[in-house]
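Architecture at a glance
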Amino acid sequence: MSTALVVAIDIGATKTLLSVRDVDELASGWQREQDLTRAASHDEPNDLVAWVAGEVERRLERHGGRVVAVGAAAPGPLDATRGVITRSSNLGWADVPIAAMLSERLGAPVALEDDANTAALGEWHFGAGAGADPMGYLTVSSGIGGGLVVGGQVVRGVDGNAGEVGHIQVHPDGPRCACGRRGDVESYAGGSSLARRARQAWPGRAAVDGSPAPRTPGEVFRAARRADRTARRLVDDATVALSVSLAAMASVVEPAVVVVGGSIGLGQPALIRRATSMARKRVMRENGASLRVVPAALGQESVLAGAADLALRLS
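Notes on the structure in this doc start here.

Structural notes on empty space enclosed by the protein
On inspection of all chains with the given rule, the structure shows one cavity of 30 Å³ or more. Reported here for the largest cavity is a volume of approximately 30 Å³. In terms of lining residues, the largest cavity is bounded by Gly76, Pro77, Leu78, Asp114, Gly160, Asn161 and Glu164. Among the residues making up the lining of the largest cavity, the classes are represented as two nonpolar, three polar and two charged.

A look at the pattern of salt bridges
This structure, assessed with the given rule, holds nine salt bridges. Residue Glu55 is joined to Arg58 by a salt bridge in which the shortest nitrogen-to-oxygen separation is 2.9 Å. With Glu55 and Arg58 both in helix H2 (residues 45-63) and three residues apart, the pair spans about one turn of that helix. Assessed through its relative accessible area of 18%, Glu55 is described here as buried. Between Asp79 and Arg82 there is a salt bridge, with the nearest N and O atoms lying 2.8 Å from each other. Classification of Arg82 as exposed rests on a relative accessible area of 55%.

Observations regarding the environment of Ser141
Note that Ser141 resides in the loop between strand E9 (135-140) and strand E10 (144-150). On the basis of relative accessibility, which here comes to 23%, the residue Ser141 falls in the partly exposed class. Measuring from C-alpha to C-alpha, the distance between Ser141 and Ser302 comes to 13 Å, with 161 residues separating the pair along the chain. Aside from chain neighbours lying at most four places away, what touches Ser141 is Gly190, Gly191, Gly262, Ser263 and Ile264.

Let's talk about the state of the cysteines
Applying the stated criterion across every chain, the model contains zero disulfides. Cys177 takes part in no disulfide bond, and the closest cysteine sulfur, belonging to Cys179, lies 3.7 Å away. Note on Cys177: relative accessible area 4%, which makes it buried.

Section: the nonpolar core
If you look at the biggest cluster of nonpolar residues, it comprises 37 residues, and the most contacted ones within it are Leu138, Val140, Ile144, Trp202, Val220, Leu242 and Val258. When contributions to this core are tallied by element, the ones reaching two or more residues are E9, E10, helix H5 (185-189), helix H6 (191-201), helix H7 (217-225), helix H8 (229-252), strand E12 (257-261) and helix H10 (269-282). Sorting elements by how many residues they give to this core places H8 first, with eleven residues. Apart from residues lying up to four places away in sequence, Ile144 is in contact with Leu138, Thr139, Glu164, Gly166, Val185, Glu186, Ala189, Gly190 and Leu242. By size, the runner-up hydrophobic cluster in this structure holds 31 residues, among which are Val20, Ile85, Ala99 and Leu106.

Re the packing of aromatic side chains
On inspection of all chains with the given rule, the structure shows one aromatic pair. Taking NZ or CZ as reference, Arg21 lies 3.7 Å from the ring centre of Trp30, over its face.

Notes on the sheet that holds strand E4 (residues 66-74)
Taking strand neighbours across the sheet as the criterion, the five strands line up as E3-E2-E1-E4-E8 in an open arrangement whose pairing is mixed. Since the sheet does not close on itself, it has two edges, and those belong to strand E3 (36-40) and strand E8 (110-114), each with one partner. In this sheet, neighbouring strand axes are inclined to one another by 15 degrees on average, regardless of whether the strands run parallel or antiparallel. In the packing of helix H3 (residues 98-106) onto the sheet, contacts are made with strand E1 (4-11), E4 and E8, and the angle to E8 comes to roughly 150 degrees. Docked against the sheet, helix H4 (residues 115-126) engages E4 and E8, running at close to 105 degrees with respect to E8.

Conventions used here
- Residues numbered from 1 in each chain as written.
- Predicted model: local features only at pLDDT ≥ 70, side-chain atom pairs only at ≥ 80, totals over all residues.
- Heavy atoms only, no water.
- 1 Å grid on protein atoms, 1.4 Å probe; cavity = no way out; pocket = protein on both sides within 12 Å on 5 of 7 lines; lining within 4 Å.
- Points joined across faces, edges and corners; volume = space filled by probe spheres on them.
- Nonpolar A, V, L, I, M, F, W, Y, C, P; charged D, E, K, R; others polar.
- Salt bridge = Lys/Arg side-chain N within 4 Å of Asp/Glu carboxyl O.
- Helix = DSSP H or I, 4+ residues; strand = E, 2+ residues; numbered from the N terminus.
- Buried < 20%, exposed > 50% of the residue type's maximum accessible area, 1.4 Å probe, protein only.
- Contact = heavy atoms within 4.5 Å.
- Disulfide = S-S within 2.5 Å.
- Core = buried A, V, L, I, M, F, W, Y, C linked by side-chain atoms within 4.5 Å.
- Phe/Tyr/Trp six-rings, centres within 6.5 Å; stacked < 30°, edge-to-face > 60°.
- Lys NZ or Arg CZ within 6 Å of the ring centre and 35° of its normal.
- Pairing = 2+ DSSP bridges.
- Axes fitted to C-alpha atoms, helices over the stretch in contact; angles between N-to-C directions.

So this is what it looks like as structure tokens:
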């Protein structure tokens, strides 16, 4: 009998990750950097599907086995029930039936879920939030996403948008967010927004001290550590915004733990510590006391691990 395999896909705005895993081996946990393939993001859905199919076929030719299910994650908004990416500003896709497209090419059932929800599942099943109930997940990367797992199930809400704490408005006159609104958490703390705000704050090529003007989130944080006033203001704004997201989770769900992932969330621990401390002061004393925030254990593979979880539930 051939080995049963699941395919996990993390469709991102800048890159796509794919992994093919043995169902039996997943019972012992998620092994990082195993059978992992990555590619730059695809502008067209058909190109993505063709790349995934090609990578899976090569894997089967080398090692054998049969694909029994597929889990795919993508930036929302999306309709997980129908398997359709309805309007993803990060991907530039609308009304794309990606689950059906992948299922037709791979010959297996496909589960689609929002990437933050999927990462939440990955950390709940395999990572830092293993078994926690309820569990919150916050990703701080190019955008800000959130996910909630209660009783081992993702909480989607009536239209599939539960947990979107990155789109709580902090200030109505704030900077423009990718969703089209102004002053959302993401417009202050998301990596793309930070980079845009840096370009606006330093329109020239140099900062006040003569050093090159920050252009990336990492450069903004480094300038803040050098006591650059403008950089500190941007980082302070991001801290306040993230504290609003954490406070919302603490008040509404009171999770046993909030797991934080994403390139900024994992790369700037001081930012998360300050935002957590501030969040505790924004909520009722008991909620603040129970707020526990930890880094994602699976690093940049939380979403992939969650996609594998989605596939396991189908297999």
